[in-house]
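# Reading the structure
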Amino acid sequence: MGTTLDDITITGLSHAFSVAGAPLPVLEGIDLVMPAGRVSAVVGPSGSGKSTLLRIVAGLLPADEGRVAIGGRRVVGPDPRVGLVFQEPRLLPWRDALDNVAYPLELAGVGREERRDRAAAFLELVGLTGFGSALPGQLSGGMAQRVGLARALVQEPRVLLLDEPFGALDALTRDHLDAEILRLWDRLGATIVIVTHSIPEAVFLADRVVVLSARPGRVVADIPVELPRPRSWATLDEAASTRSARAIRDALERRGGPLPGPSDARLPVTGSAA
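Residues numbered from 1 in each chain as written. Predicted model: local features only at pLDDT ≥ 70, side-chain atom pairs only at ≥ 80, totals over all residues. Heavy atoms only, no water.

### What about helix α1 (residues 50-57)?
Most of α1 is tucked away, with 8 of its 8 residues classed as buried. Listed in full, the buried residues belonging to α1 are Lys50, Ser51, Thr52, Leu53, Leu54, Arg55, Ile56 and Val57. Looking one or two places after α1, you find glycine 59, whose phi comes out positive at around 85°. (Buried < 20%, exposed > 50% of the residue type's maximum accessible area, 1.4 Å probe, protein only. Helix = DSSP H or I, 4+ residues; strand = E, 2+ residues; numbered from the N terminus.)

### A closer look at the packing of aromatic side chains
Between two aromatic rings, the relevant description is the distance of the centres plus the angle of the planes. Summed over the entire model, instances satisfying the criterion amount to 0 aromatic pairs. For the cation-ring pair, arginine 90 lies above phenylalanine 86, with the distance from its terminal atom to the ring centre recorded as 4.0 Å. (Phe/Tyr/Trp six-rings, centres within 6.5 Å; stacked < 30°, edge-to-face > 60°. Lys NZ or Arg CZ within 6 Å of the ring centre and 35° of its normal.)

### Observations regarding the environment of serine 51
Inspection of the secondary structure puts serine 51 in helix α1. You can call serine 51 buried: its relative accessible area is 6%. Spatially, the C-alpha atom of serine 51 lies 7.0 Å from that of valine 195, the residues being 144 residues apart in sequence. There is a polar contact of 2.9 Å between the side chain of serine 51 and the side chain of aspartate 163. (Polar contact = N/O pair within 3.5 Å; in protein donor to acceptor, adjacent residues only side chain to side chain.)

### A short note on a nonpolar patch on the surface
On the surface, Phe17, Val19 and Leu24 cluster together into a nonpolar patch covering about 220 Å² of accessible area. Counting through the fold element by element, phenylalanine 17 comes out in strand β1 (residues 8-19). (Patch = residues over 30% accessible without salt bridge, like charges linked within 9 Å, V, L, I, M, F, W, Y side chains within 5 Å. Areas by Shrake-Rupley, 256 points an atom, 1.4 Å probe, with all protein chains shown as cover. Salt bridge = Lys/Arg side-chain N within 4 Å of Asp/Glu carboxyl O.)

### Looking at the pairing of strand β7 (residues 159-163)
Burial within β7 is extensive, with 5 of its 5 residues counted as buried. Across 4 bridges, strand β6 (residues 82-85) lies against β7 in parallel orientation. What sits directly across from leucine 84, in β7, is leucine 161. In this sheet, strand β8 (residues 191-195) lies alongside β7 in parallel orientation, the contact comprising 5 bridges. Bridged to leucine 161 within β8 is valine 193. (Pairing = 2+ DSSP bridges.)

### Here we look at the side chain of histidine 15
Within the element layout of this structure, histidine 15 appears in strand β1. On the accessibility criterion, histidine 15 (6% relative accessible area) is buried. Sequence-distant contacts of histidine 15, that is, excluding residues within four places in its chain, are made with Leu24, Pro25, Val26, Leu27, Thr52, Ile56, Leu61, Pro62, Ala63 and Asp64. (Contact = heavy atoms within 4.5 Å.)

### Quick notes on the nonpolar core
Counting 59 residues, the largest nonpolar core has Leu149, Val211 and Ile248 as the members making the most contacts within it. The residues touching isoleucine 248, leaving out its near neighbours within four places in the chain, are Val43, Ile199, Val203, Val209, Val211 and Ile223. (Core = buried A, V, L, I, M, F, W, Y, C linked by side-chain atoms within 4.5 Å.)

Here it is in structure tokens:
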């Protein structure tokens, strides 16, 4: 990972989709700074534009209004400084794990030997040494997401965007991978933004949590997390009962939308991300 880190500055950001020929506002008037080298989480109800926000930051969608800049440079398209991990790993089924991780390097014109060496190093980094020859269909859900994470990291991005990457996994695997994200962040350094429906996950991972309202998404709270670092499994259970978690729930209840169900505070809100 490069030693130079970049903050993310979002100014006056608005975006709408066209539905049956009419605009459907998704984001409205977003002003945010995601500090360099820190972890920021974004929470909000389904449809609040969380995933849309990440795709605009990644340069995959244009903003209708406003400006997004990384390290002071305006985002106008996909950027090699930015790695994005989707809700599903989206691996190429005919490529083994090593070649999936190496694929961005192949597109960038890196030679075969170098890209395979770098891909192997990042598979080792995410705990998948010895699985380079496995096809996606031979991997568990958690292992496939690790491959997707390695693929996002292999170009050593300064910014890592995580769009509910573990939401479809069982609770134990999700906890393991949340801890893995913190280990990687501590080792590599990066500006990280994670979208999640889970308040405990947001508090466990992040330095601050941004709460979006129901559609069109607006920033209704920006809450610092008081949970001290370093964090580990020993502090995972504390995340759900911190003052930060209560403040996030209050903000969602007042202006955001539905809260996680009472049966298991670690489970994400039912519904797809937006």
